[in-house]
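So you can see what is in the structure, the chains are spelled out below.
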Amino acid sequence: MLKFFKTVCGKMCRIQQLEDGCWVSAVAPTAEEISFLTEEMQLEQDFVRSSLDEEESSRIDIEDNQTFVIVDIPYQEEAEKQTDDGVSYYTLPMGIIITGKSIITICQKETALIDEFENGTIKNVQTNLKTRFLLTILLRVAIRFLLYLKQIDKLSHSVEQHLHKSMKNKELIQLLTLEKSLVYFSTSLKSNEVTLEKILRGRYIKLYEEDQDLLEDVLIEIKQAIEMSNIYSNILSGTMDAFASIISNNLNIVMKVLTSITIVMSVPTMVSSFYGMNVSGLPMPVFWVPLALSILGMAIVAIILVKKNMFS
């Protein structure tokens, strides 16, 4: 879908057609919309194609007076698509193309990041100031990473509470999903950092003093997000190892209790087997004697096992 936006009187407003100084938002564009971007707007086909490639990594490029920046943005899986494995986070490439007349963003899916700009949630955004708008997008990307990292940390704590008495793999799988999300985030953040450092050198995009200050703020947020993702990943990895041992220990305790119960229950079987044999000379072959011997034997065995802490 193609949408056109322009800042009017300090507010983000949607317009009906392409204008100078506007922002073009392309989310999961159709073949016709891609043709409009490449033919009507004269965008480089490689830039558009790279923006829609899931395997594309963060980079910056310039060709025919068009500046192309592709960054990885965080994405949270929609609730209706989530499984028992828990909430899933991963990253998507988003292409940002700056031309002489407008700025274009291209992404495969609708994300909360794009919605913030389209709904006017982000204040003081000027679409005609293309470099400033680019840096504002990059800043919101870094902030969105930090937000999702905090959510992952809260989710991991919640799963840990269930793991204390768990003997199932469900919680471990949920932690594994979160750990995989942290790996995605860490890899994407590092590649984004490299791209931002290239922009900071000023060889690709001309930066004014205010723009340079904003870009430095973005780099600070990115470095903080990288540090957080590394810390959370290390903690989560250690937690999974510890709780894997706990689950195994819980299972061993259950097996120990069941084995103890089986030993106690085997006493009546042994006594009955003796009295059920076709032999002579057994003392007092009446019903209540084997019953009493069985109860006595069970009590003795149970006392021994309790002293050995076999029921706890």
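Residues numbered from 1 in each chain as written. Predicted model: local features only at pLDDT ≥ 70, side-chain atom pairs only at ≥ 80, totals over all residues. Heavy atoms only, no water.

**Some remarks on the sheet that holds strand E3 (residues 23-27)**
No. 1: Reading across from one edge, E2-E1-E3-E7-E6-E5-E4 is the order of the seven strands in this open sheet, with mixed pairing throughout. Looking at strand neighbours, the two that pair on one side only are strand E2 (11-15) and strand E4 (59-63), the edges of this open sheet. The sheet shows a mean angle of 25 degrees between the axes of neighbouring strands, direction not considered.
No. 2: Relative to strand E1 (residues 2-8), helix H1 (residues 31-40) is tilted by about 50 degrees, and along the sheet it contacts E1, E3 and strand E7 (103-107).
No. 3: Along the sheet face, helix H5 (residues 170-200) touches E4, strand E5 (66-76) and strand E6 (89-98) and points at about 20 degrees away from the line of E6. (Pairing = 2+ DSSP bridges. Helix = DSSP H or I, 4+ residues; strand = E, 2+ residues; numbered from the N terminus. Axes fitted to C-alpha atoms, helices over the stretch in contact; angles between N-to-C directions. Contact = heavy atoms within 4.5 Å.)

**Section: the nonpolar core**
It is characteristic of soluble globular proteins that their nonpolar side chains tend to be buried jointly.
No. 1: Core analysis: the largest hydrophobic core is formed by 56 residues, its most contacted members being Trp 23, Val 69, Ile 73, Met 94, Phe 117, Leu 134 and Leu 138.
No. 2: For this core, the elements supplying multiple residues, two or more each, are E3, E5, E6, E7, helix H3 (112-118), helix H4 (130-163), H5 and helix H6 (209-276). (Core = buried A, V, L, I, M, F, W, Y, C linked by side-chain atoms within 4.5 Å. Buried < 20%, exposed > 50% of the residue type's maximum accessible area, 1.4 Å probe, protein only.)

**Looking at the environment of Met 310**
No. 1: Its location among the elements puts Met 310 in the segment after helix H7 (288-307).
No. 2: We classify Met 310 as partly exposed; its relative accessible area is 25%.

**With respect to a nonpolar patch on the surface**
No. 1: Together, Leu 251, Val 254, Met 255, Leu 258, Ile 261, Met 265, Val 306 and Phe 311 make up an exposed nonpolar region whose accessible area comes to about 690 Å².
No. 2: Per-element accounting of the nonpolar patch gives the leading share, six residues, to H6.
No. 3: Secondary-structure assignment places Phe 311 in the segment after H7.
No. 4: Residue Phe 311 is classed as partly exposed on the basis of its relative accessible area, which comes to 34%. (Patch = residues over 30% accessible without salt bridge, like charges linked within 9 Å, V, L, I, M, F, W, Y side chains within 5 Å. Areas by Shrake-Rupley, 256 points an atom, 1.4 Å probe, with all protein chains shown as cover. Salt bridge = Lys/Arg side-chain N within 4 Å of Asp/Glu carboxyl O.)

**Things to note about the pattern of salt bridges**
No. 1: Using the criterion set out here, one finds 11 salt bridges in the structure.
No. 2: A salt bridge links Glu 116 to Arg 144; the shortest N-O distance between them is 2.4 Å. In this pair, Glu 116 is assigned in helix H3 and Arg 144 in helix H4, connecting sequence segments 28 residues apart. Neither residue differs from the other here; Glu 116 and Arg 144 are each classed as buried.
No. 3: Of the charged contacts in the structure, one is a salt bridge between Glu 210 and Arg 132, with a shortest N-O distance of 3.0 Å.

**Quick look at the confidence of the model for the protein chain**
No. 1: When pLDDT is averaged along the protein chain, the result is 84; 91% of the residues meet or exceed 70.
No. 2: Here residues 79-83 scores under 50 on pLDDT; set against residues more than four positions off or in separate chains, the count is three contacts. (pLDDT = per-residue confidence, 0-100.)

**A few points about a negative patch on the surface**
No. 1: Side chains of Glu 209, Asp 213, Glu 216 and Asp 217 sit close together on the surface and give a patch of like negative charge.
No. 2: The topology assignment puts Asp 217 in helix H6. (Lys, Arg positive; Asp, Glu negative; His and termini not counted. Charge placed at Lys NZ, Arg CZ, Asp CG, Glu CD.)

**Describing the environment of Met 12**
No. 1: Counting through the fold element by element, Met 12 comes out in strand E2.
No. 2: Residue Met 12 is classed as buried on the basis of its relative accessible area of 17%.
No. 3: Separated by 225 residues in sequence, Met 12 and Ser 237 have C-alpha atoms that sit 43 Å apart.

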